[in-house]
Amino acid sequence: QVSLVESGGGLVQPGGSLRLSCAASGFSFRDYNMNWYRQTPGKERELVARITRAGDSTNYADSVKGRFTISRDNAKSTVYLQMNSLKPEDTAVYYCGAVYQWSVSYWGQGTQVTVSS
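Residues numbered from 1 in each chain as written. Predicted model: local features only at pLDDT ≥ 70, side-chain atom pairs only at ≥ 80, totals over all residues. Heavy atoms only, no water.

Thoughts on the pattern of salt bridges
Scanning all chains against the criterion turns up 4 salt bridges. Linking Asp90 and Arg38 is a salt bridge whose minimum nitrogen-to-oxygen distance equals 2.9 Å. Of this pair, Asp90 sits in the loop between strand 8 (78-83) and strand 9 (92-100) while Arg38 sits in strand 4 (residues 33-39), placing them 52 residues apart in sequence. Of the two residues, Asp90 and Arg38, neither departs from the other in class, the shared state being buried. Two residues, Asp90 and Arg67, come together in a salt bridge whose shortest N-O distance is 2.7 Å. A residue pair is termed long-range when its members are at least 10 positions apart, and Asp90 in the loop between strand 8 and strand 9 and Arg67 in the loop between strand 6 (58-60) and strand 7 (68-73) qualify at 23 residues. Through salt bridges with shared partners, one network takes in Arg38, Glu46, Arg67 and Asp90. (Salt bridge = Lys/Arg side-chain N within 4 Å of Asp/Glu carboxyl O. Helix = DSSP H or I, 4+ residues; strand = E, 2+ residues; numbered from the N terminus. Buried < 20%, exposed > 50% of the residue type's maximum accessible area, 1.4 Å probe, protein only.)

Here it is as structure tokens:
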């Protein structure tokens, strides 16, 4: 059974940090590019960061470049999103997605990140 489980979300003050994790099971994790997305009510899901299968290439949305870092551990079938210098506008539900041939094959259930003082 395929599963993607995000964790690490929560409430943090502006300027703080969080590390999100997405643990995969039930499919060959190392064969998939992995993306992080976020979504706020009434808005479309936004691509935040992506990483290739081997972890040798990453891309970021302009809004998070220099503050967020995506990484993966294929031995643990886990992808991470390190988020630093968080801003209130980073508040959203964050989702991981497993990408095969340019489309998301599997989604996680999401984890809430709230940046507020």
